[in-house]
Amino acid sequence: MPQQFMHAQNEATNQQDDQSHETVLAHDTAAVQDDALDAVLDDIESTLETNAEDYVNSFVQKGGE
Amino acid sequence: MPQLRDSGDHGATRQFGMSPQFEGFARIFGVETEYGVSVTGAGQPVDAAQVAMMMFQPVVSRARSTNTYLVNGSRLYLDVGSHPEYATAEARDPMDALAQDLAGELVMTRLAVQAQHRLRERYGDGVAVHLFKNNADSAGHSFGCHENYLVRRYVPLETVEHQLLPFLITRQLYTGAGRVVGDRFEITQRADFLDEAVSSATTRSRPMVNTRDEPHADPDEFRRLHVIIGDSNRSQWATWMKLAVTHLVLCVIEESARLGVPSGLECCALADPGEANRAVSRDLTCRTALLRLADADGLRRAVRAVDDDDASSISPLSGDTAVTALALQRYYLAVVRRFMREHASAMDAAMPATTATRIVAEWQTVLDSLEHGDTAALASRVDWAAKRRLFDALRRRDPGIAAAQLERLDMDYHDIVNGRLYPSLVARGVMTTLLDDASIKRAAETAPADTRAALRGAFVARALERGSRFSCDWTRLTLGGDAHTEAVLIDPFDSESTPEYRRLMDLL
């Protein structure tokens with residue numbers, strides 16, 4: 001279970017680990033995630049309104065490794 | 001690409017004269033990222049190479065070169081006609097390397113925003129500069145995110161190929177960034193672009209892994225492992241995992257080479273790595289594609305010997321010569337766990353901020369999530385899973401959505417300047433982050449304190465302050481002008497100033 005995992009993890013890691021880094025090991029329920037996902041879809045609506053082909057085709061770049 | 005020179009393997013450790021880090025499990029980590037550039041909204045096509053030059057104009061006017069080092073010890077580089085590139089300063093810990101990688105995003109974004117501003121003056125407010133931290137453009141050109149690991153000299157390249165490569169191919173289950181390819185979706189960005197076969201890293205033009213002639217360290221002690229098969233990640237967790245888990249596997253390989261005993265990973269060799277790579281990339285179930293082994297009997301025997309709770313799920317069935325990617329990852333995990341029974345403390349001592357236990361816990365969790373198809377858990381950490389989950393939700397909302405829209409969102413996900421998708425996933429708590437903005441900003445301003453980067457960063461900072469001409473490479477600091485002076489820093493682990501360095505700093 002996620003909560004148990006997080007506590008066990010905190011015991012196992014050293015103090016410096018906990019203090020110096022923010023680690024989000026939280027594991028939301030599916031329902032909460034779905035609401036959040038809907039919010040993301042709302043956020044990106046305006047992105048979808050502009051021309052997709054133009055956007056995609058504008059990115060052409062040779063010379064990589 | 002010329003044959004790599006191999007200056008010979010050292011079978012036994014020379015006790016006398018080796019640097020303190022030669023023993024033990026200390027590692028230097030580095031990530032080099034090439035960024036894609038595009039412009040939209042100008043009303044006409046704008047050449048990517050020109051925009052990249054425009055981005056680098058402040059760098060060029062300051063450094064008189066498109067290749068320069070920054071106050072945080074990292075390297076900023078623009079090859080003519082190529083991609084802006086950022087290479088992180090040397091780090092001893094995956095978390096520090098992550099911070100430096102994210103600092104690179106910050107540095108690149110600032111340059112892009114400046115260029116965008118100038119383009120808007122010319123073409124109007126609708127102009128947007130896009131900087132893609134990804135691995136493919138729309139025309140099939142590919143570019144990379146490469147990892148660097150300092151590896152002890154006595155590990156032969158062939159050993160790395162056979163024992164590490166299957167790990168690198170299968171880790172993509174959780175490190176893959178995903179890519180929309182027409183109507184399909186793949187787990188990795190690069191599988192279609194990497195060479196068909198990796199029979200020998202020394203002869204292929206685009207191998208999945210090789211070693212560099214220049215280790216940027218004492219070549220009698222270390223070589224630099226250059227991992228090419230890796231996607232550019234937006235997920236901070238994925239970047240961290242790439243480095244952290246690969247490090248654990250390297251510890252196992254190094255120790256076995258040091259002692260001249262088997263590592264237990266010999267049997268992981270794949271019959272056809274290129275084929276396996278494409279199979280992994282195309283299997284969205286993560287549990288179906290079978291990867292042909294070079295020594296299936298060997299793996300079966302090794303699995304029996306590993307004495308691990310997960311062993312039963314690993315073993316290829318009797319008579320089978322193939323195994324799933326997930327099973328192979330579980331086997332690597334089991335071998336690492338067994339290795340840690342004896343070496344965990346030494347491994348922990350080598351990393352300033354991360355423990356091997358923590359890495360293994362994350363590794364275990366993600367493999368379990370893959371096993372159980374836990375989409376939400378995967379989507380919070382794994383780039384390809386995040387994209388796929390979002391695209392599925394999008395299709396539910398709009399069943400007729402055009403493939404081009406998904407391609408566009410796929411790119412937007414990687415746009416660090418004007419992308420909306422990834423920031424929204426983070427802001428809405430859908431995707432996990434490991435570092436806050438303050439840590440990232442700090443990493444852009446300060447080099448890691450426990451590597452040679454600290455010396456380079458301090459030198460660059462003072463030289464910039466004084467307006468002095470300077471240049472660097474990874475092992476050398478040079479003061480230009482009348483006082484032409486150099487300091488050589490051969491040991492990447494060493495952050496202590498030398499007399500040569502102090503002399504250089506005094507001249508500034």
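This one's a predicted model, so the numbers in the text were calculated from it and none came from an experiment.

How each quantity is defined
- Residues numbered from 1 in each chain as written.
- Chains lettered and ligands numbered in written order.
- Predicted model: local features only at pLDDT ≥ 70, side-chain atom pairs only at ≥ 80, totals over all residues.
- Heavy atoms only, no water.
- Phe/Tyr/Trp six-rings, centres within 6.5 Å; stacked < 30°, edge-to-face > 60°.
- Helix = DSSP H or I, 4+ residues; strand = E, 2+ residues; numbered from the N terminus.
- Buried < 20%, exposed > 50% of the residue type's maximum accessible area, 1.4 Å probe, protein only.
- Lys NZ or Arg CZ within 6 Å of the ring centre and 35° of its normal.
- Pairing = 2+ DSSP bridges.
- Axes fitted to C-alpha atoms, helices over the stretch in contact; angles between N-to-C directions.
- Contact = heavy atoms within 4.5 Å.
- Domains from an automatic or database assignment.
- Buried area = accessible area lost by both parts, 1.4 Å probe.
- Salt bridge = Lys/Arg side-chain N within 4 Å of Asp/Glu carboxyl O.
- Polar contact = N/O pair within 3.5 Å; in protein donor to acceptor, adjacent residues only side chain to side chain.
- Nonpolar A, V, L, I, M, F, W, Y, C, P; charged D, E, K, R; others polar.
- Core = buried A, V, L, I, M, F, W, Y, C linked by side-chain atoms within 4.5 Å.
- Parallel < 35°, antiparallel > 145°, perpendicular 65-115°, else oblique.

Side note on the packing of aromatic side chains
No. 1: The full count for this structure, using the stated rule, is 15 aromatic pairs over all chains.
No. 2: Between F459 of chain B and F470 of chain B the ring centres are 5.9 Å apart and the planes differ by 90°, which places this aromatic pair in the edge-to-face class. You can see F459 of chain B sitting in helix α16 (residues 453-466) and its partner F470 of chain B sitting in strand β14 (residues 470-473), a full 11 residues away along the chain.
No. 3: For F459 of chain B, a relative accessible area of 0% corresponds to the buried category.
No. 4: Site record: aromatic cluster; members linked through ring pairs are Y55 and F59 of chain A together with F132 and F143 of chain B.
No. 5: Lying across the ring of Y77 of chain B, R75 of chain B places its NZ or CZ 4.2 Å from the centre.
No. 6: The ring of Y55 of chain A carries R408 of chain B above its face, with NZ or CZ at 5.5 Å from the centroid.

As for the sheet that holds β14 of chain B
All names here are of chain B.
No. 1: The three strands lie next to each other as β14-β15-β16, forming an open sheet whose pairing is antiparallel. Each having just a single partner strand, β14 and β16 (485-488) make up the two edges of the open sheet. Each strand axis lies, on average, 10° off the axis of its neighbour in the sheet, ignoring direction.
No. 2: As defined by bridge partners, strand β15 (residues 476-479) adjoins β16 across four bridges and the pair is classed as antiparallel. Within the sheet, the bridge partner assigned to R476 lies in β16 and is V488.
No. 3: α16 rests against β14 and β15 of the sheet, and its axis sits at about 165° to β14.

Comments concerning the domain arrangement of chain B
All names here are of chain B.
No. 1: In terms of domains, chain B is made up of domain 1 (29-377 + 425-442) and domain 2 (449-507).
No. 2: Placing a centre on the C-alpha atoms of domain 1 and another on those of domain 2 gives a separation of 30 Å.
No. 3: Contact residues are listed per partner, giving 21 residues for domain 1 and 18 residues for domain 2.
No. 4: In total, domain 1 and domain 2 occlude about 1,700 Å² of area from one another, counting both sides; carbon and sulfur atoms represent 64% of this.
No. 5: Sorting the residues of domain 1 by area buried against domain 2 places Y69, E90 and R92 first, and these three jointly supply 42% of that buried surface.
No. 6: The interface formed by domain 1 and domain 2 contains two salt bridges.
No. 7: Among the ionic pairs, E90 bridges to R452, the shortest N-O distance being 2.8 Å.
No. 8: Seen at the junction of domain 1 and domain 2, the total is seven residue pairs in polar contact (both at pLDDT 80 or more).
No. 9: When grouped by side-chain class, the residues that make up the side of domain 1 that touches domain 2 number 10 nonpolar, four polar and seven charged.

As for the sheet that holds strand β10 (residues 209-212) of chain B
Residues and elements named next belong to chain B.
No. 1: The antiparallel open sheet is built from seven strands, whose spatial order is β3-β4-β5-β1-β7-β11-β10. Edge positions in the sheet fall to β3 (67-69) and β10, since each has one partner strand and no second. Taking the axes of each pair of neighbouring strands and ignoring which way they run, one obtains an average angle of 20° across the sheet.

Comments concerning the nonpolar core
Where a protein is soluble and globular, its nonpolar side chains tend to be buried together.
Residue and element names in this part refer to chain B.
No. 1: Ranked by internal contacts, the top residues of the largest apolar core, which has 149 residues, are Y174, Y331 and W363.
No. 2: Among the elements that line this core, the one with the most residues is helix α9 (residues 325-350), at 15 residues.
No. 3: Apart from residues no more than four positions distant in its own chain, W363 is found in contact with F167, Y174, M241, V245, V249, Q329, Y332, L333 and V336.

A closer look at the side chain of K387 of chain B
Residues and elements named next belong to chain B.
No. 1: Assignment of secondary structure puts K387 in helix α12 (residues 383-397).
No. 2: Exposure remark for K387: the relative accessible area of 1% places this residue in the buried category.
No. 3: One polar contact links K387 to H414, side chain to side chain, over a distance of 2.8 Å.
No. 4: Setting aside residues no more than four positions away along its own chain, K387 makes contact with A177, G178, F185, Q189, D410, Y413 and H414.

Re the pattern of salt bridges
Residue and element names in this part refer to chain B.
No. 1: Evaluation of the coordinates by the stated rule reveals 31 salt bridges over all chains.
No. 2: The salt bridge involving D368 is made with R330; its shortest N-O contact spans 3.2 Å. You can see D368 sitting in helix α10 (residues 356-372) and its partner R330 sitting in helix α9, a full 38 residues away along the chain.
No. 3: Assessed through its relative accessible area of 25%, D368 is described here as partly exposed.
No. 4: The buried category is assigned to R330, whose relative accessible area is 5%.
No. 5: The network of salt bridges with common partners includes R179, R184, E186, D192 and R282.

Let's talk about the packing of helix α5 (residues 236-259) of chain B against α9 of chain B
Packed helices, taken two at a time, are described by the angle between their axes plus the distance between the axes.
All names here are of chain B.
No. 1: Direction vectors running N to C along α5 and α9 enclose 80°, while the axes themselves pass 10 Å from each other. The orientation of α5 with respect to α9, classified from their angle, is roughly perpendicular. Only Y332, V335, V336, F339, H343 and M347 of α9 make contact with α5, whose side of the interface consists of L248, V249, C251, V252 and E255.

Structural notes on the interface of chain B and chain A
No. 1: Taken together, the contact between chain B and chain A spans 67 residues of the former and 44 residues of the latter.
No. 2: Taken together, the two surfaces of chain B and chain A that pack against each other cover about 4,800 Å², and 54% of this comes from carbon and sulfur.
No. 3: When residues of chain B are sorted by the area they lose upon contact with chain A, R358, R397 and R408 of chain B head the list and together hold 14% of the total.
No. 4: Our count for the contact surface shared by chain B and chain A stands at five salt bridges.
No. 5: A salt bridge links D42 of chain A to R397 of chain B, with the shortest nitrogen-to-oxygen separation between them at 3.0 Å.
No. 6: For the interface between chain B and chain A, the tally reads 17 residue pairs in polar contact (both at pLDDT 80 or more).
No. 7: Elements represented by at least two residues in the side of chain B that touches chain A include exactly β2 (36-40), β6 (128-132), α10, α11 (375-379), α12, α13 (403-412) and α14 (421-427) of chain B.
No. 8: Looking at the side of chain B that touches chain A, its residues break down into 26 nonpolar, 23 polar and 18 charged.

Notes on unusual backbone geometry
Residues and elements named next belong to chain B.
No. 1: The phi torsion at R64 lies on the positive side, around 55°, for a residue other than glycine.
No. 2: Secondary-structure assignment places R64 in the loop between α1 (48-63) and β3.
No. 3: Judged by relative accessible area, R64 falls into the exposed class, the value being 62%.

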